[in-house]
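What the coordinates show
In case you want the letters, here they are:
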Amino acid sequence: MNGLLLLIPIALSLGLLGLGAFFWSVQGGQYDDMDGAALRILVDDDAGADGALP
Amino acid sequence: MNVMTRLAPEPALIERDFAVPDIRCAGCISKLEQGLVRDARIRSARVNFTEKRVHVAHTADADMPALLGAFTSLGFEAHPIGEGPKDVDGEAASSQELVRAVAVSGFAMMNIMLLSVSVWSGATGVTRDLFHWLSALIALPTIAYAGRPFFRSAWRALRHGHTNMDVPISIGVTLATALSIYETATHGAHAYFDSAVMLLFFLLCGRWLDSVMRDRARGGVTALLRNMGTGAMVVGADGSTHWTDATQLQPGMVMLVAAGERLAADGVIVQGRTRIDLSLLTGESAPQDADIDDPVHAGTLNIDAPVRVRVTAAGTDTAIADIARLMGEASQGKSRYVRIADRAARLYAPAVHGLAITAFAGWMVAGAGWHEALLIAVAVLIITCPCALGLAVPAAQIVAAGALMKRGVLIKDGSALERMAEIDRALIDKTGTLTLGRPVASNLAEIAREHYPLLLALAQMSRHPLSAALTRDLTAQGVHAAQIDEVQETPGFGVAALWNHRPVTLGRPQGHEAGSELASELSIDGQPVALVRFADALRPDAVQAIGALRAEGVDAMILSGDRIEAVAPVARALGLTAMTGLSPQDKLAAIGRTSGAGHKVLMIGDGLNDGPALAAGHASMAPGSASDVGKNASDCIFMGDRLMPVVDTIRMAKRTQAIVRQNFALAIGYNVVAVPLAFAGLVTPLVAAIAMSGSSLIVVGNALRLKGALK
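Residue numbers here run from 1 along each chain, matching the order of that chain's written sequence. Going through the entries in the order they are written, you letter the chains from A and number the ligands from 1. Only residues with pLDDT of 70 or above have their local features reported here, since the model is predicted, and side-chain atom pairs are shown and tallied only from 80 upward, although totals for entire chains, interfaces and linings are computed over all residues.

1. Overview of the overall build of chain B
Defined as follows: For the purposes of this entry, the term helix denotes a DSSP run of H or I that reaches at least four residues, the term strand denotes a run of E that reaches at least two, and both are numbered from the N terminus. Backbone-placed C-beta atoms define the burial measure: a residue is buried with 20 or more other C-beta atoms within 10 Å of its own, exposed with 12 or fewer, and partly exposed in between. Two residues qualify as a contact pair if the distance between their C-beta atoms, derived from the backbone, is within 7 Å.
Of the regular secondary structure elements, chain B holds 25 helices and 26 strands. Dimensions of chain B along its principal axes, counting C-alpha atoms only, are 105 × 80 × 45 Å. When each of the 711 residues of chain B is scored for burial, the buried share is 48%. In chain B, the share of contacts with a sequence separation of at least 24, taken over all contacts with a separation of at least 6, comes to 69%.

In structure tokens, the structure reads:
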């Protein structure tokens, strides 16, 4: 029983943490452009490096 | 003082969205985002690849042509996006609100299930009570938060004196929760918190899928609307020109309309002489001569030469306002359509309520206490709650819409798919729908091939619609342009240049050939050598598509605003009957007559003049090249030059309806088994949980079969 009193709050707060993270990511617009996000990994960040592209 | 602080008094930035249909790869993203900001007036640019649009923040001194020019210099065509049409159903929950509700109920469901499993595995006494109280603690706020879309909709339905699916859902969830709290407080064995929350979770998933589908299509449609946010070059009193948004145009202003540009307002020509393409407005395919003092209308295309037009009416006062009024009246019929899930709910809801009351009354009569009778009634309510109706229909429809989107068809909402499955008559506009709606060089085969490179070289130099058509057709044949110098374009005539030191021209035919027909003449050394004729061609697969329509049991007929001479060849080629010379009212009347005879009409059209008919049809489709009015009024939009997507859509809609019916049958079959169990009082929370998730998985799995239906 003592174990439960400790573990249940931990389980719930971990779940709430996940829920909060999801809300935060929806709020930040992370799901607005799913296909674009997949492609952006291929984009070079530094604008000056245009000429370096093959 | 560093650079950042010196920039601090930033002038107010204007934020705008542009639709850029040509964004195709990661390269396009970096090219746009890094290229646009090189223009000092553009402060930031952000590409949304999924919706193919770019969000730009710019300073106030960058006007529309400058912004569009910035896109053009990077090799992209951009269309400004205005304020989208306002959501008709303002009370419906937004996708983002629903996704939050799904997340909350999903989180709650998992945690309550965790506690419930330990109760079912034999927790007793204080432990069970503790777990029930914890469940209640999680369930109550969840139901209050995630249940709102259902409670709101149920309350709205009840207030208007009818019932929908949300009524049994709301009653079931509320009763189950209330009873579970009582159970918990009295140390009872059965609490239904997990069932109530699980029910909400599954149904919210369905709602969310439905709204995702609508959002996705709406995003696609907004990106297609070209005319919104457009404007005109207005000539000031001192002769200077400046760009003015269509919404800012006032009667009395004089606008300069270049060849190949669409008019932004109604007006009268005050200078210049041209031909105007009315096909989007009236369906008339032959261009009309327009001289000084002739009235011209918003949305028509200036073909030949630049003209100055004095604005007589702008915005909502234009000639199309009449059409808009007709459309408003015509669309009433469509809003009366009741979706299949709601139709089923009309039968289902009373049955569910009846069963629950019967169970309660039956057990009371049989001598059980009111507490036990109520427990059984709640079990019946939960077991019969329409998971399949709430989840199966949207799941099937979003899978179908996704498959169709890959084929270039945008479906605006689920109800469009349902209506599309019922049609048995197709009324089709000619210009722009059966035909491509743009000039295509019709006699290229008769012209000597040695002239092709020269034709292409000259045509490429001009933005004139005929030159653009010629460029497209020749490029498609793999022709390479010849080398030419000293190119000069004369508005109203054409392009002149030097080719191997010989003067060459491509332009308006001289002499006897200068009729109403669309043609361009190529001359070398002043001698005409080739005459390219242009005509509006049939869509490449029109014949097969009409044949396939017939095979689907859909009779087609042409409904055209064009003259009989122009329609007859098309009708003959396709073997269809036709009505010609119709006004928008006539088209509306023709649909009324056909519907009156008991047919469900599919209207396919593109023009402004088709707007009311598109709104009145039981279902409607428009090509991607259609007028904005046409695209807004129709249920589905198909892209590209082919007509076959129309048939694909009808097939897919029928297939979807079949799957939906199967899912209903599955749901009824499941109830046939489960309801007697619930009646007998054998449904514990454990059985309810297994039955509910099992049936939901089965209907979703069945819906997923649609993915391959078009292969």
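Let us keep going from here.
2. A word on helix α21 (residues 584–596) of chain B
All names here are of chain B. Convention followed: One fewer than the residue count of a helix, multiplied by 1.5 Å, yields its expected span. Throughout, the arc means that of the directions going from the helix axis to the C-beta atoms.
The first and last C-alpha atoms of α21 sit 18 Å apart over 13 residues, in line with the 18 Å expected at 1.5 Å per residue. Burial in α21 covers these residues: P584, K587, L588, I591 and T594. Angular distribution of buried residues about the axis of α21 spans 125°; they occupy a single face of the element. The exposed residues of α21 that point more than 90 degrees off its buried face are R593 and G596.

3. Observations concerning the domain arrangement of chain B
Residues and elements named next belong to chain B. Quick note on the threshold: Here the limits of each domain have been adopted from an automatic or database domain assignment. Classification used: nonpolar for Ala, Val, Leu, Ile, Met, Phe, Trp, Tyr, Cys and Pro, charged for Asp, Glu, Lys and Arg, polar for all others including Gly.
Taken domain by domain, chain B holds domain 1 (12–81), domain 2 (231–261 + 265–313), domain 3 (410–436 + 540–654) and domain 4 (438–537). Inter-centroid distance (C-alpha atoms) of domain 2 to domain 3 is 30 Å. In this complex, domain 2 contributes 9 residues to the contact, which on the side of domain 3 involves 12 residues. Among the residues forming the side of domain 2 that touches domain 3, the class breakdown is 3 nonpolar, 5 polar and 1 charged.

4. Things to note about the sheet that holds strand β10 (residues 288–290) of chain B
All names here are of chain B. For clarity, the cut-off: Should DSSP find at least two bridges between two strands, the strands are taken to pair.
Pairing is antiparallel across the open sheet formed by 3 strands, whose spatial order is β10-β9-β12. Where the open sheet ends on each side, the last strands, each with one partner, are β10 and β12 (301–302). As judged from the 3 bridges shared by strand β9 (residues 274–277) and β10, these two strands associate in the antiparallel manner. Its bridge partner being in β10, T274 is matched across the sheet by A290.

5. Observations concerning the interface of chain B and chain A
Contact residues are listed per partner, giving 17 residues for chain B and 18 residues for chain A. Elements represented by at least two residues in the side of chain B that touches chain A include exactly α2 (26–36), β2 (42–48) and α4 (95–120) of chain B. At 7 residues, α4(B) tops the list of elements feeding residues into the side of chain B that touches chain A. A per-class count over the side of chain B that touches chain A returns 10 nonpolar, 6 polar and 1 charged.

6. Considering the UniProt feature "transmembrane region" (unreviewed entry) in chain B
Residues and elements named next belong to chain B. For the record, the criterion: UniProt positions are given in the numbering used here, feature names are shortened, and annotations may be inferred rather than shown by experiment.
The UniProt record annotates "transmembrane region" (unreviewed entry) at residues 98–118, 130–147, 167–185, 191–209, 347–368, 374–404, 659–680 and 686–704. In residues 130–147, helix accounts for 94% and strand for 0%; the two terminal C-alpha atoms are 25 Å from one another. When the span residues 686–704 is considered, its composition is 100% helix and 0% strand, and the gap between its end C-alpha atoms is 27 Å.

7. What about the UniProt feature "domain: HMA" (unreviewed entry) in chain B?
Feature annotation in UniProt assigns "domain: HMA" (unreviewed entry) to the following positions: residues 14–79 of chain B. The span residues 14–79 of chain B is 32% helix and 30% strand, and its two end C-alpha atoms sit 16 Å from each other.

8. A closer look at the sheet that holds strand β14 (residues 409–411) of chain B
Strands in a sheet are paired, the pairing made by backbone hydrogen bonds, and the direction either parallel or antiparallel. All names here are of chain B. Pairing within the open sheet is mixed, and its 7 strands lie in the order β14-β26-β25-β24-β15-β22-β23. The strands lining the two open edges of the sheet, one partner per strand, are β14 and β23 (578–579). Two strands pair when backbone bridges link them, and strand β24 (residues 601–604) and strand β25 (residues 619–623) are joined in this way by 3 bridges, in the parallel orientation. Bridge assignment links L602 to a residue of β25, and that residue is A619.

9. Some points on the environment of R325(B)
Tracing the backbone through its elements, the reader meets R325(B) in helix α10 (residues 320–330). The spacing of R325(B) and R425(B) is 100 residues in sequence and 26 Å in space, taken between C-alpha atoms.

10. What about the pairing of strand β20 (residues 519–524) of chain B?
Residue and element names in this part refer to chain B. For strand β19 (residues 502–507) and β20, the ladder comprises 4 bridges, and the chain directions are antiparallel. Counted as the bridge partner of V504 is I524 from β20. Between β20 and strand β21 (residues 527–538), which pair antiparallel one after the other, the connecting turn spans 2 residues, and D525 there sits at a positive phi close to 55°.

11. What to know about unusual backbone geometry
Glycine aside, residues mostly have negative phi, and peptide bonds are mostly found in the trans state. Residues and elements named next belong to chain B. For H501, which is not glycine, the phi dihedral falls at a positive 65°. Following the sequence through the fold, H501 ends up in the loop between β18 (494–499) and β19. For H501, a count of 6 C-beta atoms within 10 Å translates into the label exposed.

12. Overview of the confidence of the model for chain B
Low pLDDT means the predicted atomic positions in that stretch should not be read closely. Residue and element names in this part refer to chain B. The test is simple: Every residue carries a pLDDT, the predictor's confidence in it, which falls somewhere between 0 and 100.
Per-residue confidence for chain B averages 82 on the pLDDT scale, and 91% of its residues sit at or above 70. Every residue in residues 1–8 scores below 50 in pLDDT, and together they form 1 contact with partners more than four places removed in sequence or on other chains. Confidence over residues 84–91 falls short of pLDDT 50; this stretch has 2 contacts with residues more than four positions distant or in other chains.

13. Focus: the packing of helix α7 (residues 166–185) of chain B against helix α13 (residues 370–384) of chain B
Residue and element names in this part refer to chain B. Where we set the bar: Axis geometry follows a simple rule: fit a line to the C-alpha atoms, using only the stretch in contact for helices, then measure angles between N-to-C directions, giving values from 0 to 180 degrees. What makes a crossing left-handed is the near helix being turned counterclockwise from the far one by less than a right angle; a clockwise turn instead makes it right-handed.
The interhelical angle for the contact between α7 and α13, taken along N-to-C directions, is 145°, at an axis separation of 9 Å. The crossing of α7 and α13 is left-handed. Of α13, the residues touching α7 (which contributes I171, G172, L175, A176 and L179) are L374, L375, V378, L381 and I382. A per-class count over the contact of α7 with α13 returns 9 nonpolar, 1 polar and no charged.

14. Section: the packing of helix α1 (residues 2–27) of chain A against α4(B)
Let me state the cut-off plainly: Roughly parallel refers to an angle under 35 degrees, roughly antiparallel to one over 145, roughly perpendicular to one between 65 and 115, and oblique to any angle outside these ranges.
Orientation of α1(A) relative to α4(B), taken along the N-to-C sense of each, is 170°, at an axis distance of 11 Å. Taken together, the axes of α1(A) and α4(B) lie roughly antiparallel to each other. Where α1(A) abuts α4(B), its residues L12(A), G15(A), L19(A), F22(A), F23(A) and V26(A) lie against Q96(B), V99(B), R100(B), A103(B), V104(B), F107(B) and N111(B). Class assignment for the residues of the contact of α1(A) with α4(B) results in 9 nonpolar, 3 polar and 1 charged.

15. With respect to the confidence of the model for chain A
Averaged over chain A, the pLDDT score is 78; the fraction of residues at 70 or greater is 80%. Predicted confidence is poor over residues 47–54 of chain A, with pLDDT under 50, and the contacts of this stretch with residues over four places away or in other chains come to 2 contacts.

16. Some remarks on the environment of D63(B)
Residue and element names in this part refer to chain B. Here D63 lies in the loop between β3 (53–58) and α3 (64–73). By the C-beta count within 10 Å, which is 16 here, D63 ends up partly exposed. Along the primary structure D63 and A40 are separated by 23 residues, whereas in three dimensions their C-alpha atoms are 13 Å apart.

17. Observations concerning the pairing of β2(B)
Residues and elements named next belong to chain B. Where β2 lies against β3, 6 bridges are found, and the strand directions are antiparallel. Bridged to A45 within β3 is V56. The turn joining β2 and β3, which pair antiparallel and follow one another in sequence, is formed by 4 residues; a positive phi near 50° is taken by K52.

18. Regarding helix α24 (residues 644–679) of chain B
All names here are of chain B. The criterion, for reference: Across the chain, bend at a residue is computed as the angle between axes fitted to the seven residues ending at that point and the seven starting from it.
Under the 1.5 Å per step criterion, the end-to-end length of α24 is 52 Å for 36 residues, consistent within 8% with the ideal 52 Å. Along its length, α24 reaches its greatest deviation from straightness, about 30°, at V672, and the proline P676 lies no more than four positions downstream. Just downstream of α24 lies G681, where phi reads positive at about 80°.

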